[in-house]
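Coordinate inspection notes
Each chain, written out:
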Amino acid sequence: MSDTKQTAASAQSQSNNGKRKRLMTLLVGVILIAAIAYGLYYFLVARFHEDTDDAYVNGNVVQITPQVTGTVIAVNADDTQTVKAGDPLVVLDGADARVSLQQAEANLAQTVRQVRGMFVNNDQYQAQIAQRQADLSRAQDDLRRRLTIAQTGAVSQEEISHARDTVKAAQAALDAAEQQLASSRALTSNTTVATHPNVLAAAAKVRDAYLNNARNTLPAPVTGYVAKRSVQVGQRVAPGTPLMAIVPLGSVWVDANFKEVQLRHMRIGQPVELTADVYGSSVVYHGKVVGFSAGTGSAFSLLPAQNATGNWIKVVQRLPVRIELDQKELDAHPLRIGLSMQADVDIKNESGTQLSTAQNTVYQTNVFDKYGAEADAEIARIIAENAGSNASANAGLAHQKQPVPSTHAHSSRTAKVASRGSLM
């Protein structure tokens, strides 16, 4: 009976050992297969991917700041609202600026009329020269006739002396008129009413006053969402005071902070798959690496790490990598600045570079260009209204007229007349 029990126990023990061995063999086989599968997955897929969950949406935050001092009289936008480029966001009281503009415009109009008078004076002095030339010619003829009949005794020497004095006086009057014309032409030569230096200086003051007046209205530089509004009606603001911000959500990107050991094979242009916590894994964004930061986050922090100290502990650094998103996917599922993202970079293709060689991105706005064009149009209107229809023609006519004889020529002619008189 005892032998039978021992035999049964031994058989049961052998059976259990066999099952245990088979189970161990199966477990080892499963582990080996899993290891082989993971090895294949790593060598075929995983080693060509670098991922991080330290990634966040970033974008441009356009600050709205005044360029002139003033009191806020209107705020036309609030947080979460959408505005278009050129929409007036904040309006300042422009009473003082309008007064300054009116004074500058009046000064420009007066300057144009004064310069116009300079061009008219050229014609007046030209006419005076013609008159003085006629007087001189008549005085010379009178002296010549008296000298001709002086030997007959019909004309006294006193009368001849007076005739010579008359010639000298006429010559002096002609010289004075020529100097006046030269002085007037020096103020108007090689220019017109519109391009005269005095007019240009007055026009610059009008342009400055016009811009100061126009800058009392602050337009939206770009299309986007209003954020960080702090301005209030009645607030006195100075140039550079932050009033609100505009965020163009149509042009956001992702800054993924990879560990420095993950950057060895990462290159510009490599494809990236991203998911956002706000949408979950069901929405996958496709982007590409477009650039690497010039330094780690700690290097650009407000208080950079001081590693040259006695107590030093190595910390793995992270470098921001900029990832550009597909615009269509971004339009379908908009993102906001600061949202968390998961980024997975495919690093299989290493043909790109780590330093950007592409053309730099340019951000610009043209909403302020119209102010200069409007100022130029206002200046042109004022000049046209005050310059007269034939101001330019007068300027051209003054330069086209024949030059008057020089002072040296008149002096020579006077000397000839005097010498002839003395011989006679």
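Here the structure is shown first, and the text comes after it.
Let me begin by describing the structure that accompanies this report. This is a predicted model, so every value here is computed, not measured. (Residues numbered from 1 in each chain as written. Predicted model: local features only at pLDDT ≥ 70, side-chain atom pairs only at ≥ 80, totals over all residues. Heavy atoms only, no water.)

**Topic: the overall build of the protein**
Short version of the rule: Numbering of helices and strands runs from the N terminus; a helix is a DSSP stretch of H or I covering at least four residues, while a strand is a stretch of E covering at least two. Remark: exposure states derive from per-residue accessible area (1.4 Å probe, protein chains only) relative to the maximum for the residue type, with buried under 20%, exposed over 50%, and partly exposed in between. Whether two residues are in contact is decided by their heavy atoms, any of which lying within 4.5 Å being enough. Only the protein chains shown count as cover for residues, and all accessible areas are computed by the Shrake-Rupley method using a 1.4 Å probe.
Within the protein one finds eight helices and 14 strands. Scored against the burial criterion, the 424 residues of the protein give a buried share of 31%. Once local pairs closer than 6 in sequence are excluded, the contacts in the protein between residues at least 24 apart make up 83%. For the protein, the accessible area works out to roughly 25900 Å², and carbon and sulfur atoms hold 54% of it.

**Quick notes on the environment of N76**
The criterion, for reference: For this analysis, a polar contact is any N or O atom pair within 3.5 Å, provided that within protein one partner can donate a hydrogen and the other can accept it, and provided that sequence-adjacent residues contribute only side-chain to side-chain pairs.
Its location among the elements puts N76 in the loop between strand 3 (70-75) and strand 4 (82-83). Taking the C-alpha atoms as reference points, N76 and P88, separated by twelve residues in sequence, lie 6.8 Å from one another. Residues within four places of N76 in sequence aside, it is in contact with Q81, P88, L89 and V91. A polar contact of 3.1 Å, which involves the side chain of N76, links it to the backbone oxygen of P88.

**Observations regarding the sheet that holds strand 3**
To keep things clear, this is the line we draw: Any two strands with at least two DSSP-identified bridges between them are counted as paired.
Read from one edge of the open sheet, four strands run 6-5-3-8, paired in antiparallel fashion. With partners counted over all chains shown, the strands left at the sheet margins are strand 6 (217-219) and strand 8 (236-237), one partner each. Relative to strand 5 (residues 88-92), strand 3 is paired through three bridges, and the arrangement is antiparallel. Within strand 5, the position partnered with V72 by the bridge is L92.

**Things to note about unusual backbone geometry**
Phi at T80 takes a positive value of approximately 75°, unusual for a residue other than glycine. Here K228, not a glycine, exhibits a phi torsion of approximately 55°, which is positive.

**Here's the deal with the sheet that holds strand 13 (residues 318-325)**
This is how the line gets drawn: To obtain an axis, a line is fitted to C-alpha atoms, over the contacting stretch when the element is a helix, and the angle between two such axes runs from 0 to 180 degrees between their N-to-C directions.
Taken in spatial order, the six strands of this closed barrel run 1-10-13-12-11-14, and their pairing is antiparallel. Direction aside, the axes of adjacent strands within the sheet are offset by 40° on average.

**Details of the pairing of strand 13**
By the alternation rule, side chains of strand 13 split into L319, V321, I323 and L325, which are all buried, and R318, P320, R322 and E324, of which none is buried. As paired strands, strand 10 (residues 253-259) and strand 13 are joined by seven bridges and run antiparallel to one another. Within the sheet, the bridge partner assigned to D255 lies in strand 13 and is R322.

**Topic: the nonpolar core**
Defined as follows: Residues belong to a common nonpolar core when they are buried Ala, Val, Leu, Ile, Met, Phe, Trp, Tyr or Cys residues joined through side-chain atoms within 4.5 Å.
Among the nonpolar cores identified, the biggest contains 27 residues, and F258, L274, Y285, L335 and M341 are the most heavily contacted of them. Elements represented by at least two residues in this core include exactly strand 1 (49-58), strand 10, strand 11 (271-276), strand 12 (280-292), strand 13 and strand 14 (340-346). Excluding residues within four positions of it along the chain, M341 makes contact with T52, D53, A55, V57, V254, L274, T275, A276, Y285 and L335.

**A word on the packing of aromatic side chains**
The way to describe two aromatic rings as a pair is by their centre distance and the angle between their planes. Where we set the bar: Planes of paired rings set the category: under 30 degrees apart is stacked, over 60 is edge-to-face and the rest tilted, where pairs are Phe, Tyr or Trp rings (Trp by its six-membered ring) whose centres lie within 6.5 Å. Any Lys NZ or Arg CZ found within 6 Å of a ring centre and within 35 degrees of that ring's normal is scored as a charge over the ring.
Throughout the structure, instances matching the rule amount to one aromatic pair. With a centroid separation of 6.3 Å and 65° between ring planes, the pair formed by F368 and Y371 is classed as edge-to-face. We classify Y371 as buried; its relative accessible area is 8%. Above the face of the W253 ring, R322 is positioned so that its terminal group lies 3.8 Å from the ring centre.

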